[in-house]
Amino acid sequence: MKINDTEYCNLEDLEKDAYPLIERSALGYLCSGSENEATLRWNRTQFEQYMFIPRVLVDVSSVTTECTILGTRYPSPVIIAPMAMQKLVHPSGGEVDMSKGAQQFRAPMILSTMSTSRMEDVVMTGNDHLYFQLYCLKDRSITERMVHDAESMGFQGLVVTVDAARLGKREADERQTFTLPDSLSLEILKTYGITDGSQSSSHHSQQLQSKFGSTFSSLIDDSLTWEIIPWLRSITSMPIILKGILSRADAIKAVHHYKVDGIIVSNHGGRQLDYAVPTLTSLREIAPIAKNKVALWVDGGIRRGTDVVKCLCLGADAVLVGRPFLWALCLGGDKGVCEALTSLQQDIERTMALLGCCTIQDLYACRRGLFRRGLSQYLAHQKMGG
């Protein structure tokens, strides 16, 4: 992967070069988790708990990473996750350049409600594989207008975040009293007359909390219940995907009772409830509920092709990747994003070939080739004819 004349071996290598280019308080906001950051760490270490048993003497001369996401074929099962305030890392382009990079590769991208670029400017990149991430606001009329505008502009679906009734205690933000720079605004909210507090006030700057945190808390509807789904159905025909499902019970309710179009197994990147279960653990429990009924996506700590393949083996249809694409955007703009997507696709293809799988469908049938660490699990796997 080559970004701005620098060769990188993998997505994790981007961090060290991107960090010095990002303002300290912004970096704290982008990188940190909540409280003790246990879930943030578990999101990465969870992948070490699963090991492959590859099959050999398989013809892997033609391996494809193509997959279907909500009825559309894509070159890779990777979706760019919704991330707020992308101009913090790339002031000249932000979400617009992220969309351009996604379009060059032809990857789906989810645009955050907390974007520092206007919805219409992102759409004007020509990317016709955009989804809109929705935070339901206390003012339901503004929420309705956002949904209508997203649909009229051609967004492919609505990703409703359901795990943020309150903002997690992000202590790095509090220590830095993180505030959006005066030169930036939450442009989508601004479109609907919502001031985002980008102009700091002495009152707020003296508080031990982030300015973004106080803005978020004042806007988000913390009385939200499952009844939001039929209400959204009444105002839009876009597919509805719930982001933030971790429990089996909630998955059953979402799939069987409220008939959503998809669910995203997510713990908000370890930024909400600390000590929440890592996503790979939940994915294993939720996959049988969603199978052949709704789209099933997962996020959380995904950095390598082996991570993606493990998620697919455990039943995910696609994965969401966030922070690594921010670093690619910081270092190389839209071309950096496209390079990072290409590199991750190559990693996935290589992993599939080494595992003995030629298609994504092969991976869905390859759960038997993945087992949890430990001698007892391995012996049990072998007895079952693995």
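Note on numbering: residues in each chain are counted from 1, in written sequence order. pLDDT decides what is reported in this predicted model: residues at 70 or higher carry local features, side-chain atom pairs at 80 or more are listed and counted, and totals for whole chains, interfaces and linings draw on all residues regardless. The basis for every side-chain value is the complete set of non-hydrogen atoms in the structure, without hydrogens or water.

Asker: What's the story with the overall build of the protein in this structure? I'm lost.
Answerer: Here a helix means four or more residues in a row that DSSP labels H or I, a strand means two or more in a row labelled E, and each is numbered from the N terminus. For the protein, the helix and strand inventory stands at 17 helices and 14 strands. Burial classes follow relative accessibility: with a 1.4 Å probe on protein chains only, a residue under 20% of its type's maximum area counts as buried, one over 50% as exposed, and anything between as partly exposed. Taken across its 386 residues, the protein has 55% of its residues classed as buried. We call two residues in contact whenever any of their non-hydrogen atoms come within 4.5 Å of each other. Within the protein, residue pairs in contact and separated by at least 24 positions form 72% of the contacts whose partners lie at least 6 positions apart. Accessibility throughout is a Shrake-Rupley quantity obtained with a 1.4 Å probe, and a residue counts as covered only by protein chains that appear here. Total accessible area on the protein stands at roughly 16200 Å², and carbon and sulfur atoms take up 50% of it.

Asker: Just to check I follow, could you spell out helix α3 (residues 38-45) for this structure?
Answerer: In an α-helix, one turn spans 3.6 residues, which is why side chains three or four residues apart end up on the same side. Along α3, the residues that are buried comprise Ala38, Thr39, Leu40 and Asn43. Residues of α3 that are buried sit in contact with α2 (24-31), α13 (279-290) and α15 (323-355).

Asker: In this structure, what is going on with the packing of aromatic side chains? I would like to understand it.
Answerer: Only Phe, Tyr and Trp rings take part, Trp by its six-membered ring, and two of them pair if their centres are within 6.5 Å. Stacked means planes under 30 degrees apart, edge-to-face means over 60, and tilted covers everything else. Within this structure, the stated rule accounts for five aromatic pairs. With a centroid separation of 5.4 Å and an interplanar angle of 80°, the aromatic rings of tyrosine 19 and tryptophan 327 are classed as edge-to-face. Separated by 308 residues along the polypeptide, tyrosine 19 in the loop between α1 (14-18) and α2 and tryptophan 327 in helix α15 bring together distant segments of the chain. Seen in terms of ring centroids, phenylalanine 132 and phenylalanine 155 are 5.9 Å apart; in terms of plane orientation they differ by 75°. Their pairing is edge-to-face. Of this pair, phenylalanine 132 sits in strand β8 (residues 130-134) while phenylalanine 155 sits in the loop between α6 (140-152) and β9 (158-161), and the two are 23 residues apart along the sequence. The two residues phenylalanine 132 and phenylalanine 155 agree in class, both being buried.

Asker: Hey, could you run me through the side chain of asparagine 127 in this one?
Answerer: With respect to the helices, strands and loops of the structure, asparagine 127 is situated in the loop between α5 (119-123) and β8. Asparagine 127 gets classed as buried once you look at its relative accessible area, which sits at 4%. A polar side-chain atom of asparagine 127 sits 3.2 Å from the main-chain carbonyl oxygen of serine 99. Contact partners of asparagine 127, with chain neighbours within four places excluded, come to Ser99, Ala102, Gln103, Ala107 and Met109. Counting of polar contacts relies on pairs of N or O atoms within 3.5 Å, with two restrictions inside protein: one atom must be capable of donating a hydrogen and the other of accepting it, and residues adjacent in sequence are counted only when both atoms are side-chain atoms.

Asker: For this particular structure, what's the right way to read the nonpolar core?
Answerer: Nonpolar side chains in soluble globular proteins generally cluster together in the buried interior. Only buried Ala, Val, Leu, Ile, Met, Phe, Trp, Tyr and Cys residues count toward a nonpolar core, and they belong to the same one when joined by side-chain atoms within 4.5 Å. Phe132, Ile263 and Trp297 are the most contacted members of the largest nonpolar core, which has 121 residues in total. The element contributing the most residues to this core is α15, with 15 residues. In this structure phenylalanine 132 touches Ile110, Leu111, Ser112, Thr113, Met119, Met146, Ala150, Phe155, Gly157, Leu158, Val159 and Ile188, once residues within four positions along its chain are discounted.

Asker: Help me understand the pairing of strand β10 (residues 240-245), please; the structure alone is not making it clear to me.
Answerer: Every regular strand shows the same layout, with side chains that alternate between the two sheet faces. The buried count for β10 comes to six of six residues, which makes it a mostly enclosed element. By definition, two strands form a pair when at least two bridges between them are found by DSSP. Pairing of β9 with β10 involves four bridges; the strand directions are parallel. Bridge pairing in β10 places threonine 161 opposite lysine 243. The pairing of β10 with strand β11 (residues 262-265) spans four bridges and is parallel. Across the sheet, the residue bridging to lysine 243 is isoleucine 264, located in β11.

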